Amino acid sequence: DQHNWDDFCAMLGEIETISDRSQVAKLSQDYYHFSPILKPLLQDKTGDIVVLPRSESEVLKVAKLCVDYQIPLTVRGAGTGNYGQCVPLKGGVILDMSKMNNIVWIKPGCACVEPGVKLAALDKKTREIGWELRMFPSTYRTATIGGFIGGGSGGIGSITYGQLRDNGNLHAVRVVTLEAEPRIIELRGDAVQNINHAYGTNGIITQLEIPLAPVYPWVELIVTFNEFMNAAKFGQALSQSDGMIKKLVSICAAPIPSYFIPFREMIPSGEQAALLMVAETSLEPLQELIKNFQGKICYQKSTQETVKGTTIIEFTWNHTTLHARSIDPSLTYLQTLFPADPELKLIQECYDYFGDEVIQHLEFLRTGGNLHPAGLPIVRFTNEARLNEIIQYHEDRGAIIFNPHTYILEDGGMKKVDLQQLNFKRKYDPLGLLNPGKMRGWVDNG
Ligand code: FAD
């Protein structure tokens, strides 16, 4: 009860807390409402108190109190996750990491940071010495690096550098444990996979070493096409052009471009659009490729010109869904990974079969060393049974669905328990206090 929380705050001493009910409720939410399935399940979930540590030693103190009093602890970055990753299912402490936002050091090729640093702020700093983030989500202006590692997968840059779980994209982390005596452990090399994309279920990340990429002068472009499959095949051809330096290859079927308010005057109605970022030096070969696929450039700006204003980045990845939903809130989405295929047969089949019910949106990326079209199609939602049929249709034909309509870690990912992450939880969070209810392996086996 409230009395106990007052005592808890007193024990935290100087550490900043928020106990105002409406603020706590707000800081218990993320963007799960993109899913009509998750919305009713999560909208009433709230923590009891928000704690905002400023240092690793403050995190240790909170961890110790949570262990001593067996209080659930859910870590939060900026709360931009899409599946309720940071929504507390069992109340307790929301550990908001946004005040731990120091950049510890930056050297050529690598940065060491606290988890609460916002991705855009970090990118800006590393650019000062000629390096940039290898990849970031379209929420880079608000999202934190800790939350991206804890709950994200990849994004702008993944066309070249793969996804976060690909080997070498996270060098090291410091983690606070929830053992009887919480302590700090350092994970390097393969060991980082213990906590990478674990939804904060098995440790609190307090510092990260992130590899960087050399900066290029980027150009943002929108190219339009009459035919969707021409746009998709153009996307694949550009993605396969290893000599062209690129950061983003995003393909949207009509009517998606009409949802992009700042751009829709430029995109003829009924056209498909490719949203691209390529290095300035790749513009000439790109123009030739565009011509080969009967595309037309309708928008072109350098990154310097877009840095403060509208950027196409915020119309790609799951921002595409956001813009679609701002026009029609009944729309939702799926996450697919199509098999590598020179002819894109399954994409064509889905495009023809579903028509306007599943509107194709592709993001080309590398993963496990291979190029794949990933999909974030916009879905006209009718009911859960139909949504499951759509998922089944894709799976029966060899696409992988990363289901965004579940808050369970394994069900959204590869559908199997990650034993390494589960064993890590057994050792370092033996009471199961971290983000309870999210890891199926733990819920099933204890
Ligand atoms: P949060 O949502 O706060 O947390 C995410 C998870 O990480 C939670 O489980 C939390 O418990 C855990 N966590 C946070 N901090 C820590 C820590 N210090 N230690 C341990 N665990 C921690 N994602 C992509 O990957 N690519 C995209 O392109 C993309 N586009 C998006 C577009 C929109 C419009 C929206 C709404 C979301 C998008 N996302 C995308 C999802 C999300 O924005 C990103 O994954 C983002 O990086 C999450 O960061 P955050 O700080 O908001 O994390």
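Keep in mind the model is a prediction, meaning the values are calculated, not measured. (Residues numbered from 1 in each chain as written. Predicted model: local features only at pLDDT ≥ 70, side-chain atom pairs only at ≥ 80, totals over all residues. Heavy atoms only, no water.)

Topic: helix α8 (residues 228–240)
Taking 1.5 Å per residue, 13 residues should reach 18 Å; α8 reaches 18 Å between its end C-alpha atoms and fits that length. Along α8, 10 of the 13 residues are buried, which leaves the element largely enclosed by surrounding structure. Among the residues of α8, those classed as buried are F228, M229, A231, A232, F234, G235, Q236, A237, L238 and S239. (Helix = DSSP H or I, 4+ residues; strand = E, 2+ residues; numbered from the N terminus. Expected span 1.5 Å × (residues − 1). Buried < 20%, exposed > 50% of the residue type's maximum accessible area, 1.4 Å probe, protein only.)

Looking at the site of the ligand
Residues in close proximity to the ligand total 36 residues, the closest being V75, G77, T80, T144 and G154. The separation between an oxygen atom of the ligand and a polar side-chain atom of T80 is 2.6 Å. Burial of the ligand by the surrounding chains reaches 97%, relative to a free accessible area of 970 Å². Among the elements of the structure, β3 (73–76), α6 (145–151), β10 (204–214) and α11 (318–327) are those that each provide at least two residues to the shell around the ligand. At 5 residues, the largest contribution of residues to the shell around the ligand is made by α6. Split by residue class, the shell around the ligand holds 14 nonpolar, 21 polar and 1 charged. (Near = heavy atom within 4 Å. Polar contact = N/O pair within 3.5 Å; in protein donor to acceptor, adjacent residues only side chain to side chain. Areas by Shrake-Rupley, 256 points an atom, 1.4 Å probe, with all protein chains shown as cover. Nonpolar A, V, L, I, M, F, W, Y, C, P; charged D, E, K, R; others polar.)

As for the layout of surface pockets
Empty space among the atoms can be located by rolling a probe the size of a water molecule over them. Approximately 500 Å³ is the volume attributed to the second largest pocket. The wall of the second largest pocket is formed by 21 residues, among which D123, R127, Y140, T303 and V307 lie closest to the centre. Counting only elements with at least two residues in the lining of the second largest pocket, the list comes to α5 (119–127), β11 (218–225) and α10 (303–306). Examining the composition of the lining of the second largest pocket, we find that 5 residues originate from one element, α5, more than from any other. Across the lining of the second largest pocket, the residue classes tally to 10 nonpolar, 4 polar and 7 charged. Residue assignment places the lining of the second largest pocket across two domains, with domain 2 (103–214) and domain 3 (218–401) each supplying three or more. (1 Å grid on protein atoms, 1.4 Å probe; cavity = no way out; pocket = protein on both sides within 12 Å on 5 of 7 lines; lining within 4 Å. Points joined across faces, edges and corners; volume = space filled by probe spheres on them. Domains from an automatic or database assignment.)

Quick look at the nonpolar core
Counting residues in hydrophobic clusters, the biggest one holds 110 residues, and the most contacted among them are V173, L208, F234, L276 and L286. Look past the residues within four positions of F234 in its chain and what remains in contact with it is F225, A274, L276, L286, L289, I290 and F293. Ranked by size, the runner-up nonpolar core spans 24 residues in total, among them I15, V51, A63 and L178. (Core = buried A, V, L, I, M, F, W, Y, C linked by side-chain atoms within 4.5 Å. Contact = heavy atoms within 4.5 Å.)

Some thoughts on empty space enclosed by the protein
Evaluation of the coordinates by the stated rule reveals 3 cavities of 30 Å³ or more. Each pocket or cavity is described by its volume, and for the largest cavity that value is around 90 Å³. Lining the largest cavity are L119, L133, R134, M135, I145, F148, I149, L164, N169, I210 and P211. Contributing elements (two or more residues each) for the lining of the largest cavity: α6 and β10. Element by element, the count of residues in the lining of the largest cavity is highest for α6, at 3 residues.

Examining the domain arrangement of the protein chain
Here the domain parsing of the protein chain yields domain 1 (2–96), domain 2 (103–214) and domain 3 (218–401). Each of domain 2 and domain 3 has a C-alpha centre, and the two are 26 Å apart. With 17 residues of domain 2 at the interface, the matching set in domain 3 holds 23 residues. Roughly 1,600 Å² of surface becomes buried between domain 2 and domain 3 when both sides are summed, with 54% attributable to carbon and sulfur atoms. The tally of links from domain 2 across to domain 3 stands at 2 salt bridges. Residue E132 pairs with K247 through a salt bridge whose shortest N-O separation is 3.1 Å. At the junction of domain 2 with domain 3, the criterion picks out 10 residue pairs in polar contact (both at pLDDT 80 or more). (Buried area = accessible area lost by both parts, 1.4 Å probe. Salt bridge = Lys/Arg side-chain N within 4 Å of Asp/Glu carboxyl O.)

Examining α5
Listed in full, the buried residues belonging to α5 are L119, L122, D123 and T126. The buried residues of α5 occupy an angular sector of 100° when projected down its axis, which confines them to one face. Buried residues along α5 sit in contact with β5 (103–107), β6 (110–113), β7 (131–133), α6 and β10. (Arc of directions from axis to C-beta.)

Quick word on the side chain of N318
Of note, N318 is situated in helix α11. According to the relative accessible area criterion, N318 is buried, its value standing at 12%. With residues near it in sequence (within four places) discarded, N318 still touches F34, N82, S138, Y333 and L376.

What to know about the packing of aromatic side chains
Here the structure, examined in full by the defined rule, presents 15 aromatic pairs. With a centroid separation of 5.0 Å and 75° between ring planes, the pair formed by F263 and Y299 is classed as edge-to-face. Residue F263 is found in the loop between β12 (246–252) and β13 (272–279), and its partner Y299 is found in strand β14 (residues 296–302); the two are separated by 36 residues along the sequence. Residues F263 and Y299 agree in their burial class; the two are buried. Look at F354 and Y393: their rings are 4.9 Å apart centre to centre, the planes differ by 70°, and that puts the pair in the edge-to-face class. Taken together, the residues F354 in helix α12 (residues 345–354) and Y393 in helix α13 (residues 384–396) connect sequence positions 39 residues apart. Of the two residues, F354 and Y393, neither departs from the other in class, the shared state being buried. Put simply, the rings of F260, F263, Y299 and F315 touch in pairs and so form one group of aromatic residues. For the cation-ring pair, R397 lies above Y393, with the distance from its terminal atom to the ring centre recorded as 3.6 Å. The ring of W442 has K425 lying over it, and the distance from NZ or CZ to the ring centre is 5.1 Å. (Phe/Tyr/Trp six-rings, centres within 6.5 Å; stacked < 30°, edge-to-face > 60°. Lys NZ or Arg CZ within 6 Å of the ring centre and 35° of its normal.)

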